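Residue-level structure breakdown
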Amino acid sequence: MEILETAFMQRALLAAVLVGITAPAVGIYLVQRRQALMGDGIGHVAMTGVGLGFLLSANPVWMAALVSIAGAVAMELIRWYGRMRGDMALAMLFYGGMAGGVLLINLAPNGSNSNLTSYLFGSLSTVSDSDVVAICLLAAFVMLVTVGLRRHLFAISQDEEFARVTGLPVRALNLLIAVTAAVTVTVAMRVVGLLLVSALMVVPVAAAQQITRSFKVTFVLAVIIGTAVTLAGTVTSYEYEVPPGATIVLLAIGVFFVLTALATPLARRRARALRDAEAGSGPGCSVEAGGLPQTSRPANGVKV
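Fair warning: this is a prediction, and the values are worked out from it, not measured in the lab.

**Side note on a nonpolar patch on the surface**
A cluster of nonpolar side chains, contributed by Trp62, Val133 and Leu137, occupies part of the molecular surface with about 290 Å² of accessible area. Among the structural elements, valine 133 can be located in helix α6 (residues 129-148).

**A closer look at helix α11 (residues 215-240)**
Here α11 is 26 residues long and its end C-alpha atoms lie 37 Å apart, about the 38 Å a rise of 1.5 Å per residue gives. After α11 finishes, the residue glutamate 241 shows a positive phi value of roughly 55°.

**Thoughts on the confidence of the model for the protein chain**
For the protein chain, per-residue confidence averages 83 on the pLDDT scale, and 88% of positions sit at 70 or higher. Element-level mean pLDDT values for the protein chain span from 77 in helix α5 (residues 113-121) up to 93 in α11.

**Digging into the nonpolar core**
Membership of the largest hydrophobic core comes to 69 residues, with the highest contact counts inside it found for Ile42 and Met201. Not counting residues within four places of it along the chain, the set of residues in contact with isoleucine 42 comprises Ser68, Ala72, Met75, Ala178, Ala181, Ala182 and Val185. Counting residues in hydrophobic clusters, the runner-up holds five residues, among them Ile3, Ala12, Leu13 and Leu124.

**Some remarks on the environment of alanine 25**
Mapped onto the elements, alanine 25 comes out in helix α1 (residues 7-32). Separated by 176 residues in sequence, alanine 25 and methionine 201 place their C-alpha atoms 7.7 Å apart. When sequence neighbours within four positions are dropped, the list of residues in contact with alanine 25 reads Met143, Thr146, Phe219 and Val223.

About the cut-offs
Once a new chain begins, its residue numbering starts again from 1 and follows that chain's sequence as written. Local features in this predicted model are restricted to residues whose pLDDT is 70 or higher, and side-chain atom pairs enter the listing and the counts only when it is 80 or higher, whereas totals over whole chains, interfaces and linings include all residues. Hydrogen atoms and water are omitted, and side-chain values are computed over all heavy atoms in the structure. To count toward a patch, a residue needs a relative accessible area over 30% and no salt bridge; like charges are then connected within 9 Å, while nonpolar side chains (Val, Leu, Ile, Met, Phe, Trp, Tyr) are connected within 5 Å. Computed by Shrake-Rupley with a 1.4 Å probe, the accessible areas treat only the displayed protein chains as cover when residues are assessed. Each reported salt bridge corresponds to a side-chain nitrogen of Lys or Arg within 4 Å of a carboxyl oxygen of Asp or Glu. Helix numbers and strand numbers start at the N terminus; a helix is a DSSP run of H or I with at least 4 residues, a strand a run of E with at least 2. Expected helix span is given by 1.5 Å per residue-to-residue step, counting one fewer step than there are residues. Values of pLDDT, which run from 0 to 100, indicate the predictor's confidence residue by residue. The criterion is simple. A nonpolar core is a set of buried Ala, Val, Leu, Ile, Met, Phe, Trp, Tyr and Cys residues joined through side-chain atoms within 4.5 Å. The cut-offs for exposure are 20% and 50% of the maximum accessible area for each residue type, with area from a 1.4 Å probe on protein chains only; residues under the lower value are buried, those over the upper are exposed, and the others partly exposed. The contact criterion used throughout is that any non-hydrogen atoms of two residues lie within 4.5 Å.

The structure is reproduced here in structure tokens:
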């Protein structure tokens, strides 16, 4: 294939696959915790890291990772101790991160707003070999955490108080989720862009939830959707010279609407099967209005 003959597209496709896997893998925990916009906030903070990378003549990906991690930890501390004014502190953190990035990149000897644009919206042609190495290492960390600790992370995402009673280190795991989300933002910024990365963390998960009922199946399907739309968006961007980030996000939203349309007949079929099972098992089977037995459904409607 012609698309695989160019070195920059080989790098872009590899980066797209890693982004498609890692973004939904972290996003599913953020969605469960009702922190769907956390990735957007981290993306704002990461702009300071990009600007700092240009100013210090360092790799912007690694600098963005360090600054994003610091910002994510600050967000968690604000969430714990901010109380009534926590939202104001977060707003200042987000907008300060964006302003800092613009200022630093313009102070850099070879920096300009045009350099920042490729990080804000993604750029296929600017993914370098060093970027690919950084993305691979960061993606490996993300998958190690999200898959290796999935039971612990699922527990605190469902019910922090119950997880604390069972002896899990809730605060440490909360910080780990925040740090992993920050790393994911850094992984995705070269393909999707900092302003759109949050959508790739959330939309594939929301799409998968339309037709799945268990956490495990939702996780797998979200990753499949994320990988498919990033690859399709990258190829489309190459063929038609359109922005990769916007293309990938619009494809993900399109998948969401398709699965939403399919969800209604599936839900009716599922409800009919449950009614038949209830009628066959007699009055001893208690079924919720949502369609799952009360003993098999957690508070937010997702089975492990």
